[in-house]
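# Working through the structure, step by step
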Amino acid sequence: MAHPSQLGFQDAASPVMEELLHFHDHALMIVFLISTLVLYIIVAMVTAKVTNKYIIDSQEIEIVWTVLPAVILTLIALPSLRILYLMDEINDPHLTVKAMGHQWYWSYEYTDYENLGFDSYMIPTQDLSPGQFRLLETDHRMVVPMESPIRVLVSAEDVLHSWAVPALGVKMDGVPGRLNQTAFIASRPGVFYGQCSEICGANHSFMPIVVEAVPLEHFENWSSLMLEDA
Amino acid sequence: MLSSRALVRGLQSGLWRRVSTTSGMKAAHAQDLDVIDCSVPQYNNRRDTPLPDVPFVQNLNAEQKKLKEKEKGPWTNLTKEEKLALYRLSHELSYAEMKKGSDEWKTVIGGVFFFLGFTGLLVWWQRAYVFGDVPRTLSPEWIEMQTKRMLDMRVNPVGGFSAKWDYEKNQWK
């Protein structure tokens, strides 16, 4: 989750998010360089003491300021496309989870081996235990084994929703009648929070997502317990 | 009629002229002229045209004509006042006068501060009389427990939150 007054991204919990962080650093550096150059030019022009009224054209600078931006754009596009294709690699997941969006909660189905399904409602503020995070905690978390490729099939039962977990670098819209696939690998154990990212009605801000990545044993224990409770 | 001369003149002589004039444009003519005949060369006060197309005073009276005749002789014969008078015949404003600028910035800054202060007043009034209590999760006790929980959960352990906590010494780094 984000820490107080955080401005940047959350620390990456998946390899794809790491790539996205590095790409963002790269693109932002280019943006800062261009902005600094433009700001310098503006200040220089505004504070110039003399005026040249007789400039007609200048082929050399026109060539430079056409070719150079094309080069810069290529330098941004190549890493960007690389990550785009990286995210779509065939990855042979160990587990498939279905995340269904409802108004206003998520439900998760683990149907690879047994039929495990449960709803995940936000814990209202008045029911929080001391120390829990307001508007982020849910009664049931989506538990997954860590360091394993997980496939998530996102859909919705009523209106548009979107399943997003920033720390894992994942966001996928839940469209009624459609199955959208996304995947992630949780590189470290932990609890990762996200919120519904497509306006879906009155409680759109109150249907968070909590993914808990745990070692495989713990995942197996948890799923047995959940199946018993069901 | 909206475009009547009287209305235009009233607007120009009042607030709008001061408000709408920028220091750059003011130098083109020191006073706003009623009618400009653009089919003949114009005089202008601009820093990048030291010698405008026409002199400022074009219809010379007898005394000025005499001065112009004297100008055709050696310039060492001209007194300082005559040289200045000749300058003012051909130029309306000197460079120093052109570059002077105005005191408009004081009005602008004053206005900005005034409205900032007014907004601050509104914000204070809202906080005092409109807003209710913040949720209990923002109380110091809750924040303390929440922070402890975030550290236990290793939130953002790489470069963010938990990276700044020294787990051995149990204190912030």
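Residues numbered from 1 in each chain as written. Chains lettered and ligands numbered in written order. Predicted model: local features only at pLDDT ≥ 70, side-chain atom pairs only at ≥ 80, totals over all residues. Heavy atoms only, no water.

### Focus: the sheet that holds strand β4 (residues 142–145) of chain A
Residues and elements named next belong to chain A. Judged by pairing direction, the sheet is mixed, and its 3 strands sit side by side in the order β4-β10-β9 without closing on themselves. Strands with a single pairing partner mark the edges of an open sheet, and in this sheet they are β4 and β9 (190–195). Strand after strand, the sheet turns through a mean of 25 degrees between neighbouring axes, direction not considered. Sheet topology note: the β9/strand β10 (residues 208–214) ladder contains 6 bridges and is antiparallel. In the strand pairing of β10, Gly 190 is matched with Ala 213. (Pairing = 2+ DSSP bridges. Helix = DSSP H or I, 4+ residues; strand = E, 2+ residues; numbered from the N terminus. Axes fitted to C-alpha atoms, helices over the stretch in contact; angles between N-to-C directions.)

### Re the sheet that holds strand β3 (residues 116–120) of chain A
Strand-to-strand pairing in sheets goes through backbone hydrogen bonds, with the strands running parallel or antiparallel. Residues and elements named next belong to chain A. Strand order across the open sheet formed by 5 strands is β3-β2-β1-β5-β8, with mixed pairing between neighbours. Each of the sheet's edge strands pairs with one partner strand only, and the pair in question is β3 and β8 (180–185). Sheet twist, expressed as the average angle between the axes of neighbouring strands with direction ignored, equals 25 degrees. Against the sheet, helix α3 (residues 216–229) makes contact with β1 (95–102), β2 (105–110) and β3, and its axis sits at roughly 85 degrees relative to β3, the strand it touches most. (Contact = heavy atoms within 4.5 Å.)

### Points about the side chain of B:Asn45
Residues and elements named next belong to chain B. On the secondary structure map, Asn 45 appears in the loop between α3 (23–26) and α4 (62–71). Separated by 2.8 Å, the side chains of Asn 45 and Glu 92 make a polar contact. Of the polar contacts made by the side chain of Asn 45, one reaches the backbone nitrogen of Leu 93; its length is 3.5 Å. (Polar contact = N/O pair within 3.5 Å; in protein donor to acceptor, adjacent residues only side chain to side chain.)

### Focus: the environment of B:Asp53
Residue and element names in this part refer to chain B. Structurally, Asp 53 can be placed in the loop between α3 and α4. For Asp 53, a relative accessible area of 64% gives the class exposed. Measuring from C-alpha to C-alpha, the distance between Asp 53 and Val 40 comes to 9.7 Å, with 13 residues separating the pair along the chain. (Buried < 20%, exposed > 50% of the residue type's maximum accessible area, 1.4 Å probe, protein only.)

### Examining a nonpolar patch on the surface
Residues B:Phe114, B:Phe115, B:Phe118, B:Leu121, B:Leu122, B:Trp124, B:Trp125, B:Tyr129, B:Val130 and B:Phe131 make up a contiguous nonpolar surface patch of about 1200 Å² in total accessible area. With respect to the helices and strands, B:Leu121 occurs in helix α7 (residues 104–129). (Patch = residues over 30% accessible without salt bridge, like charges linked within 9 Å, V, L, I, M, F, W, Y side chains within 5 Å. Areas by Shrake-Rupley, 256 points an atom, 1.4 Å probe, with all protein chains shown as cover. Salt bridge = Lys/Arg side-chain N within 4 Å of Asp/Glu carboxyl O.)

### Considerations on the domain arrangement of chain A
All names here are of chain A. For chain A, the assigned domains read domain 1 (15–88) and domain 2 (95–229). For domain 1 versus domain 2, the separation of C-alpha centres amounts to 39 Å. Contacts between domain 1 and domain 2 engage 5 residues on the former and 6 residues on the latter. Between domain 1 and domain 2, the buried area comes to about 330 Å², and carbon and sulfur atoms account for 61% of it. Of all residues in domain 1, Pro 15, Val 16 and Met 17 bury the most surface against domain 2, accounting for 84% of the area lost on that side. Summed over the shared surface of domain 1 and domain 2, the number is 0 residue pairs in polar contact (both at pLDDT 80 or more). Of the residues assigned to the side of domain 1 that touches domain 2, the class counts are 4 nonpolar, no polar and 1 charged. (Domains from an automatic or database assignment. Buried area = accessible area lost by both parts, 1.4 Å probe. Nonpolar A, V, L, I, M, F, W, Y, C, P; charged D, E, K, R; others polar.)

### A look at the interface of chain B and chain A
The interface is formed by 19 residues belonging to chain B together with 24 residues belonging to chain A. Interface area for chain B against chain A, summed over the two sides, is near 1800 Å², with a carbon-plus-sulfur share of 57%. When the buried area of chain B at its contact with chain A is split by residue, B:Arg149, B:Met153 and B:Asn156 rank highest and sum to 29% of it. On the surface where chain B and chain A come into contact, there are 1 salt bridge. Tallied by class, the residues present in the side of chain B that touches chain A amount to 9 nonpolar, 6 polar and 4 charged.

### What to know about the UniProt feature "domain: Cytochrome oxidase subunit II transmembrane region profile" (unreviewed entry) in chain A
Mapped onto the present numbering, the UniProt feature "domain: Cytochrome oxidase subunit II transmembrane region profile" (unreviewed entry) falls at residues 1–91 of chain A. Regarding residues 1–91 of chain A, the helix share stands at 67% and the strand share at 0%, and the terminal C-alpha atoms are separated by 26 Å. (UniProt positions renumbered as here; feature names shortened; annotations may be inferred.)

### Focus: empty space enclosed by the protein
Taken as a whole and assessed by the stated rule, the structure comprises 1 cavity of 30 Å³ or more. In this structure, the largest cavity encloses a volume near 60 Å³. For the largest cavity, the full set of lining residues is A:Met1, A:Gln10, A:Asp11, A:Ala167, A:Arg188, A:Gly190, A:Val191, A:Phe192, B:Met153, B:Arg154, B:Val155 and B:Asn156. Tallied by class, the residues present in the lining of the largest cavity amount to 6 nonpolar, 3 polar and 3 charged. (1 Å grid on protein atoms, 1.4 Å probe; cavity = no way out; pocket = protein on both sides within 12 Å on 5 of 7 lines; lining within 4 Å. Points joined across faces, edges and corners; volume = space filled by probe spheres on them.)

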